[in-house]
Amino acid sequence: MIAFHSPLHQRHAPEFEFFRGERVPCFETPARAELVRAELVSRGHELRAPTHDCTDVLRLVHAEPYLAFLESAWAQWVGLDPRNEGRQPFPSVWPVRTLRSDVEPDDFVARLGLYSMDNGTPLAAGTWDAAKAAADAAASAAACVAAGTRAVFCATRPPGHHAGADFMGGYCFLNHAAVAAQALRISGAERVAILDVDYHHGNGTQSLFYRRSDVLFVSLHGDPRTEYPFYLGAADETGEGPGQGFNLNLPLPAGTGGGAWLAALETACARVAHHRASALIVSLGLDTRAGDPISKFTLARDDFARMGARLARLSLPTIFVLEGGYATADLGAHACDVLDAFEQG
Ligand code: SP5
Ligand code: ZN
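Residues numbered from 1 in each chain as written. Chains lettered and ligands numbered in written order. Predicted model: local features only at pLDDT ≥ 70, side-chain atom pairs only at ≥ 80, totals over all residues. Heavy atoms only, no water.

### As for the pairing of strand β2 (residues 16-19)
Logical step 1: Both β2 and strand β3 (residues 22-25) contribute to a ladder of four bridges, which runs antiparallel. Bridge pairing in β3 places F19 opposite E22.
Logical step 2: The hairpin formed by β2 and β3 contains two residues between the paired strands, and R20 there has a positive phi angle of roughly 50 degrees. (Pairing = 2+ DSSP bridges. Helix = DSSP H or I, 4+ residues; strand = E, 2+ residues; numbered from the N terminus.)

Given below as structure tokens:
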């Protein structure tokens, strides 16, 4: 399978995040994409650097002020104090209900809060370069599929599915799956489906397409009553206005194993098939594996090949986009098990 990857992904390298009130090393590390890249090479997949600049598509997915903030955020942070070069910025205040979110404060940390959904998404010097390269990979993958390629994988990081029109969150900055979907629409696909199999609900992707019927969003994830991102992902979220009926959430309890997960995948695939899409985008989170350090499903190694085989039976041109997955040592194996089974299916 063709796999897009850039050395720029390594440049997003924050050191720590907060976990249970303490600083801990980031779960979302440069090593993740490197290990996936290495496994792709060893299994004979074809690696390519991104070929397309996604800028025009990015403007249709994300709000201009958010893009402007994100692109210059690190320079602004260091501009406040040269010693900030060795410090990570975190938001500490957010415009929740009753507060205004239509005015950009001058204060940097206040603006960071305006454009963040959590304090768990650290920014670093190379964040923009890494995320932009991942969005370029998504646009490049869409170009491949539009030209007739059966399947493409974006071996990219940071992940993207928690990022919305004007906010970052959940280790995500730019929504690459949404970029791929929008790029496919521009290149002539009338209907596109996004299937999100990450452990965490893809709140950003859902929100971007919630009022649209051309892009179906289907997600299997940990029940938000107990799992991140908590405030979106319930089964009664079915779309709004013209998008009514084009959003399907299948929340599953923490502890769900391969059998129940694959049964839910069957329901998800039936909905995708019904959409009669001309292409599929899979938000491929691999944090569903038993033992993932921040997630609570218990899929076994073999379940990833089963996933790939089932997705192949949809018989759709498919773009896989890497999302989460923090059991880093097995990440490449899990990704390639999905892709290899897909290609054999
Ligand atoms: C792309 C993706 O997978 N993002 C996930 C972001 C999750 N951020 C919240 C992490 C908090 C972990 N809490 C886990 C408690 C385990 N005992
Ligand atoms: Zn996740």
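Once the structure has been displayed, the description carries forward.
### What to know about the site of ligand 1
Logical step 1: R20, G170, H200, D287 and Y326 are the nearest of the 14 residues found near ligand 1.
Logical step 2: Between ligand 1 and H162, the relevant distance is 3.3 Å, taken from a nitrogen atom to a side-chain nitrogen or oxygen of the residue.
Logical step 3: Contacts to ligand 1 include H200, whose side-chain N or O atom sits 3.1 Å from an oxygen atom.
Logical step 4: Judged by its atoms lying within 2 Å of the grid points, ligand 1 is housed in the largest pocket. (Near = heavy atom within 4 Å. Polar contact = N/O pair within 3.5 Å; in protein donor to acceptor, adjacent residues only side chain to side chain. 1 Å grid on protein atoms, 1.4 Å probe; cavity = no way out; pocket = protein on both sides within 12 Å on 5 of 7 lines; lining within 4 Å. Sits in = over half its atoms within 2 Å of the grid points.)

### Focus on the coordination of the zinc ion (ligand 2)
Logical step 1: Binding of the zinc ion (ligand 2) to the protein goes through D198 (OD), D198 (OD), H200 (ND1) and D287 (OD), at separations of 1.9 to 2.8 Å.
Logical step 2: All donors of the zinc ion (ligand 2) belong to a single chain; written as a sequence motif, their spacing is D-x1-H-x86-D. Of this pair, D198 sits in the loop between β6 (192-196) and α7 (203-209) while D287 sits in the loop between β9 (279-284) and α9 (301-312); the two residues are 89 residues apart in sequence, bridging distant segments of the chain. In terms of burial, D198 and D287 fall into one category: buried. (Donors = N, O, S within 2.8 Å, 3.2 Å for Na, K, Ca; no water. Buried < 20%, exposed > 50% of the residue type's maximum accessible area, 1.4 Å probe, protein only.)

### Structural notes on helix α10 (residues 331-344)
Logical step 1: Relative to the 20 Å expected for 14 residues at 1.5 Å per residue, α10 spans 20 Å between its end C-alpha atoms, a close match to the ideal helical length.
Logical step 2: Among the residues of α10, those classed as buried are L331, G332, A333, H334, A335, C336, D337, V338, L339, D340, A341 and F342.
Logical step 3: Those residues of α10 hidden inside the fold are in contact with α1 (30-42), β5 (151-154), β9, α9 and β10 (318-322). (Expected span 1.5 Å × (residues − 1). Contact = heavy atoms within 4.5 Å.)

### Examining empty space enclosed by the protein
Logical step 1: Under the definition given, this model contains two cavities of 30 Å³ or more.
Logical step 2: The computed volume of the largest cavity comes to approximately 50 Å³.
Logical step 3: Lining the largest cavity are H12, P14, E17, C26, E28, T121, P122, Y171 and F173.
Logical step 4: Grouping the amino acids of the lining of the largest cavity by side-chain chemistry returns five nonpolar, two polar and two charged.
Logical step 5: Each pocket or cavity is described by its volume, and for the second largest cavity that value is around 40 Å³.
Logical step 6: In this structure, the second largest cavity is lined by P89, P91, L112, S116, D118, N119, G120, T121, P122, L123 and M168. (Points joined across faces, edges and corners; volume = space filled by probe spheres on them. Nonpolar A, V, L, I, M, F, W, Y, C, P; charged D, E, K, R; others polar.)

### Details of the environment of A63
Logical step 1: With respect to the element layout, A63 can be found in the loop between α2 (55-61) and α3 (64-80).
Logical step 2: Taking relative accessible area as the criterion, A63 reaches 27% and is therefore assigned partly exposed.
Logical step 3: Spatially, the C-alpha atom of A63 lies 9.0 Å from that of F167, the residues being 104 residues apart in sequence.
Logical step 4: In this structure, A63 is in contact with A165 and D166, ignoring residues within four places of it in sequence.

### Overview of the sheet that holds β6
Logical step 1: Read across the sheet, eight strands follow the order β4-β1-β5-β10-β9-β6-β7-β8 without closing on themselves; strand pairing throughout is parallel. Two strands in the sheet have a free side with no partner beyond their single neighbour: β4 (46-48) and β8 (247-252). If you compare each strand with its neighbour and ignore which way they point, the axes differ by 15 degrees on average.
Logical step 2: Judged from the three bridges that link them, strand β1 (residues 2-4) and β4 form a sheet pairing that is parallel. Counterpart to I2 in the pairing with β4 is E46.
Logical step 3: Packed on one face of the sheet, helix α5 (residues 127-146) meets β1, β4, β5, β9 and β10 and runs near 175 degrees to β5.
Logical step 4: The strands touched by α10 within the sheet are β5, β9 and β10, with β10 carrying the most contacts at an inclination of about 175 degrees. (Axes fitted to C-alpha atoms, helices over the stretch in contact; angles between N-to-C directions.)

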